[in-house]
Amino acid sequence: NDTTIKILQLKADPTKSSYWGQNAGLDLSDNDTFESLFGNLYQKMKYDVDITVVTVPAYLAAYNSYVSTNDLTDGTVEAYTSFYNSYFSSYDMIMIGFRDLFDDFDSDGATMALKLFIESGRSVMFAHDTTSFVSAHNSIYQHTSDHYWGYYLNRNIRSIVGMDRYGITEGE
């Protein structure tokens, strides 16, 4: 029996380069190495890997559109739970990252929907530089370079992925 594994890859904004001048990073749906590996997985185990690639700006736009269309209030439990149930229902796994200084999600509601996905027990892969050391909002954090990324993911998923060893998000 064939089994389909549906993966959502959240990819960096291709119109912005990272700090090191890289493009939007690795696209798993259009990479010869991964296509070959996924082909081998199908031949040997009958697992068909189906990857949908969505940029972070497109994901945020989908969240904002869903909230607006359904007359919900951004950031509320009702908004991100409803969006999670609608947007993520068909995916078995989410992959995020694959670029230096990965895009921030700039939305508590959109990252809380990701947190619900993690809490559901489904797989999530955080690739290179998805999260960071940043724990203060851009308006507070004094910086002079592009070394500011990951605030919303850090804020909302830090505790669930074992990154809150100092209790920064405790009580939030």
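**Concerning the sheet that holds strand β3 (residues 93-96)**
Then step 1. One open sheet accounts for four strands, arranged β2-β1-β3-β4; its pairing is parallel. Every interior strand has two partners, whereas the edge strands, β2 (47-55) and β4 (123-126), have only one. Strand-to-strand twist across the sheet, computed as the mean angle between neighbouring axes with direction ignored, equals 20 degrees.
Then step 2. Direction of pairing for strand β1 (residues 3-11) relative to β2: parallel, over a ladder of nine bridges. Its bridge partner being in β2, Ile7 is matched across the sheet by Ile51.
Then step 3. Most of the contacts of helix α2 (residues 56-69) go to β2, to which it runs at about 80 degrees, and overall it touches β1 and β2.

**Some thoughts on the nonpolar core**
Then step 1. Judged by nonpolar contacts, the single largest core of 25 residues is most densely connected at Leu10, Tyr59, Phe88, Ile94, Phe105 and Leu114.
Then step 2. For this core, the elements supplying multiple residues, two or more each, are β1, α2, α3 (77-87), β3 and α4 (108-119).

**Comments concerning the environment of Ser89**
Then step 1. Turning to its location among the elements, Ser89 is positioned in the loop between α3 and β3.
Then step 2. With 28 residues separating them in the primary sequence, Ser89 and Phe117 have C-alpha atoms 9.1 Å apart.
Then step 3. If near-sequence neighbours (up to four positions away) are discounted, Ser89 is found in contact with Tyr84 and Arg122.

**What to know about the pairing of β1**
Then step 1. Where β1 and β3 come together, four bridges link them in parallel fashion. Along β3, the bridge assignment pairs Leu8 with Ile94.

**Re α2**
Then step 1. Its 14 residues place the ends of α2 20 Å apart at the C-alpha level, agreeing with the 20 Å of an ideal helix rising 1.5 Å per residue.
Then step 2. For α2, every residue scored as buried is listed here: Val56, Tyr59, Leu60, Tyr63, Tyr66 and Val67. The buried residues of α2 occupy an angular sector of 125 degrees when projected down its axis, which confines them to one face. Among the exposed residues of α2, those oriented more than 90 degrees off its buried face are Ser68 and Thr69.
Then step 3. In the core, the buried residues of α2 are packed alongside β1, β2, α3 and α4.
Then step 4. Backbone geometry just downstream of α2 places Asp71 in the positive-phi region, at approximately 55 degrees.

**Some words on the environment of Leu8**
Then step 1. Looking at the element boundaries, Leu8 is found in strand β1.
Then step 2. Since its relative accessible area comes to 0%, Leu8 is described here as buried.
Then step 3. With 45 residues separating them in the primary sequence, Leu8 and Val53 have C-alpha atoms 6.0 Å apart.
Then step 4. With residues near it in sequence (within four places) discarded, Leu8 still touches Thr52, Val54, Tyr87, Phe88, Tyr91, Met93, Ile94 and Met95.

Reading the values: the criteria
- Residues numbered from 1 in each chain as written.
- Predicted model: local features only at pLDDT ≥ 70, side-chain atom pairs only at ≥ 80, totals over all residues.
- Heavy atoms only, no water.
- Pairing = 2+ DSSP bridges.
- Helix = DSSP H or I, 4+ residues; strand = E, 2+ residues; numbered from the N terminus.
- Axes fitted to C-alpha atoms, helices over the stretch in contact; angles between N-to-C directions.
- Contact = heavy atoms within 4.5 Å.
- Core = buried A, V, L, I, M, F, W, Y, C linked by side-chain atoms within 4.5 Å.
- Buried < 20%, exposed > 50% of the residue type's maximum accessible area, 1.4 Å probe, protein only.
- Expected span 1.5 Å × (residues − 1).
- Arc of directions from axis to C-beta.

The values are spatial; any link to function lies outside them.
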